[in-house]
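Commentary on secondary and tertiary structure
Given next are the chains, with one letter for each unit.
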Number of protein chains: 2
Amino acid sequence: MEKETKSRRWKQNPEAVKSDILRVARSEFARKGLSGTRIEDIAAGTKTSKRMIFYYFGDKESLYEAVLEDCYAEVRAGEAELDLEGLAPDRALKTLIEFTFDHHRRNPEFIRLVMIENIHEARHLDRMERLHGQNLRAIGAVEKICEAGLAAGLFREDVSPVALHWQISAFSFFNVANRATFASNFGSALFEPAGQALLKDAAVRGILCSVLSQPERIDTLFQRDQG
Amino acid sequence: MEKETKSRRWKQNPEAVKSDILRVARSEFARKGLSGTRIEDIAAGTKTSKRMIFYYFGDKESLYEAVLEDCYAEVRAGEAELDLEGLAPDRALKTLIEFTFDHHRRNPEFIRLVMIENIHEARHLDRMERLHGQNLRAIGAVEKICEAGLAAGLFREDVSPVALHWQISAFSFFNVANRATFASNFGSALFEPAGQALLKDAAVRGILCSVLSQPERIDTLFQRDQG
DNA sequence: GACGAATTTAACCGCACGGTTCATTGTCAG
DNA sequence: CTGACAATGAACCGTGCGGTTAAATTCGTC
């Protein structure tokens, strides 16, 4: 039985316990922030004890960073599912924007963790990157689309992949992150299905317009949708 | 001396002390969040003591809400300075977007407080509004522009003031709020002057395009700038 | 100048909460 | 069986921190 040197040595295997802790911790940190979260509250949600959290993760900040990393990995995996091969650049961009918009909406915990990380001036994210020497997120999709769009003469000469990604993120992120205060100030109509469709549409229109060399052609993209 | 029933009864007048506390508290809450902030740290920054904070504001949450209200009031006052009378709707909108973009950038503490409030699902904002029965923020400017733009036939029929405000906020807010994580992931080039100009430009283009009934006319807005 | 109200200080309290100690149990190698 | 060690539980600890007590100081008033 030397094969199982790592797995399930113990009654309940450690990996399962760890991922159980991570699951609950993510939800708690996302809801209450780093200082707002109590380790005991996390423990209460798991099948294990406070003791084990420190045993496996050392201290609160390390657990928080583990959660952050775990969540980033999962989200990136989700993003990788999108396939834009074979689409015209403008259509691919439209698809990417819509996908991102929906994707962010489906991952509110990730959004909240990023918000929290921004409150902390990205201190932990920086530490993690310095540690692993790798960027946590890539923008390969946008870059490919930009190249193709430029080559086809569809996009403006001055389009920048990072700026484009910024635009896409701005809409998609804000839509989830600021939902509470926006709704508190201006009502929640925009966050019901009809409103969300409207916003997504506006985002696509807006971004494509600022990218296309011939903005007037934008309507063809929407017509093709309906037709 | 009965006239001074309220003001400066005491050696150091209470209003000054209170606003001193508010000033420091705002900075602390903005930097560290509600649970992350220590009342003693606030006290250390003021000319008064921890005891006085509780004396004047009751408890931590009430102080936080006072800060929030104070900050909202100040920001709204700042926004009121903008004068769009006499501008064509499209030009007025462009000005408003650019103003908002810069305005948010000049008020990072406000942005951070809103972020924090979103983490708390706008619990305190809701409480404050229920208390005073008034909306903390208005969108009069956008509404006026929309009316004028529709009347002039410049804007699409389906333009909605709230959605428009959402778009403007999304860009302007994200630019400040997510600066840290975005820079951590993709570099800080976009946050230097040249990058910011580029983003602001893209925002104006994008939003106007999704609003104008004839998007192709957008370039006239930029040409007039340079000419 | 004495009374009462407003303002301020210093010292204190209780406990929540991050983190630890220590002893115990389960698992495997030999 | 036994020694080594990973995994776990219960009980504990130190202190940071939100909030309070009680008493002193300053001021307006009569």
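Thresholds applied
Residues take numbers from 1 onward in each chain, read along the sequence in its written order. Labels are handed out in written order, letters beginning with A for the chains and numbers beginning with 1 for the ligands. In keeping with the model being predicted, local features are shown solely for residues with a pLDDT of at least 70 and side-chain atom pairs are shown and tallied solely at 80 or more, while totals for entire chains, interfaces and linings include all residues. Each helix is a run of H or I in the DSSP string that is no shorter than four residues. Each strand is a run of E no shorter than two, and both are numbered from the N terminus. Put plainly, a residue is buried at 20 or more neighbouring C-beta atoms within 10 Å of its own, exposed at 12 or fewer, and partly exposed in between, counting only other residues' C-beta atoms, which are placed from the backbone. Each residue is represented by a C-beta atom placed from its backbone, and any two residues with such atoms within 7 Å are regarded as in contact. In this classification, the charged set is Asp, Glu, Lys and Arg, the nonpolar set is Ala, Val, Leu, Ile, Met, Phe, Trp, Tyr, Cys and Pro, and all remaining amino acids, among them Gly, are polar. Each domain's extent is set by a domain assignment, obtained either automatically or from a database. Only residues with pLDDT of at least 70 in both copies contribute their C-alpha atoms to the least-squares superposition of the copies. As a rule, the C-alpha atoms of each element are fitted with a line to give its axis, helices using only the stretch in contact, and angles between N-to-C directions run from 0 to 180 degrees. Note on terminology: angles under 35 degrees are roughly parallel, angles over 145 are roughly antiparallel, angles of 65 to 115 are roughly perpendicular, and the others are oblique. Two helices that cross are described as forming a left-handed crossing if the nearer one is turned anticlockwise from the farther one by less than a right angle, and a right-handed crossing if clockwise.

1. A few points about the overall build of chain A
- The helix and strand inventory of chain A stands at 12 helices and zero strands.
- The order of α-helices and β-strands along chain A, N terminus first, is α-α-α-α-α-α-α-α-α-α-α-α.
- By principal-axis analysis of the C-alpha atoms, chain A measures approximately 65 × 50 × 35 Å.
- Counting the 227 residues in chain A, one finds 38% classified as buried.

2. Regarding the interface of chain B and chain A
- Residue-level contacts link 48 residues of chain B with 48 residues of chain A.
- Of all elements in the fold, only helix H6 (108-119), helix H7 (123-132), helix H9 (161-177), helix H10 (179-186) and helix H11 (193-211) of chain B reach the threshold of two or more residues within the side of chain B that touches chain A.
- If you tally residues by element for the side of chain B that touches chain A, the top one is H9(B), at 10 residues.
- For the side of chain B that touches chain A, the residue count by class is 27 nonpolar, 13 polar and eight charged.

3. Structural notes on the environment of B:Leu93
Residues and elements named next belong to chain B.
- In this structure, Leu-93 sits in helix H5 (residues 89-106).
- On the basis of neighbour counts, which here come to 28 C-beta atoms within 10 Å, the residue Leu-93 falls in the buried class.
- Through-space distance from the C-alpha of Leu-93 to that of Leu-208 is 7.7 Å; in sequence the pair is 115 residues apart.
- Residues within four places of Leu-93 in sequence aside, it is in contact with Ile-145, Leu-208 and Val-211.

4. Concerning the domain arrangement of chain A
Residues and elements named next belong to chain A.
- Here chain A is partitioned into domain 1 (13-81) and domain 2 (87-227).
- Domain 1 and domain 2 are separated by 28 Å when their C-alpha centres are compared.
- Of the residues lining the interface, 16 residues belong to domain 1; the matching set on domain 2 comes to 15 residues.
- Elements represented by at least two residues in the side of domain 1 that touches domain 2 include exactly helix H1 (14-32) and helix H4 (60-80).
- At 10 residues, H4 tops the list of elements feeding residues into the side of domain 1 that touches domain 2.
- Counted by class, the side of domain 1 that touches domain 2 contains eight nonpolar, three polar and five charged residues.

5. Examining the relation of the copies chain B and chain A
- Expressed as a screw transformation, the operator carrying chain B onto chain A has a rotation angle of 180 degrees and an axial translation of 0.0 Å, and the superposed copies differ by an RMSD of 0.0 Å. Here the copies are linked by what is in effect a two-fold axis. Proximity to the rotation axis, assessed at the C-alpha, singles out B:Gly206 in chain B; its C-alpha lies 1.9 Å from the axis.
- Of the residues that chain B buries at the interface, 100% are likewise interface residues in chain A, meaning the two copies contact each other through the same surface.

6. Quick notes on the packing of helix H1 (residues 14-32) of chain B against H6(B)
All names here are of chain B.
- In the contact formed by H1 and H6, the axes pass within 8 Å of each other and the chain directions differ by 55 degrees. When the interaxial angle is binned, H1 and H6 end up oblique. As H1 runs across H6, the sense of the crossing is left-handed. Every residue of H6 that contacts H1 at Arg-26, Ser-27, Phe-29 and Ala-30 is listed here: Glu-109, Arg-112, Leu-113 and Ile-116.
- Here the contact of H1 with H6 is composed, by residue class, of four nonpolar, one polar and three charged.

7. Topic: the environment of B:Ala202
All names here are of chain B.
- Structurally, the position occupied by Ala-202 is in helix H11.
- In this structure Ala-202 comes out as buried when scored by C-beta crowding, with 25 C-beta atoms within 10 Å.
- Taking the C-alpha atoms as reference, Ala-202 lies 9.7 Å from Phe-171; in sequence the two are 31 residues apart.

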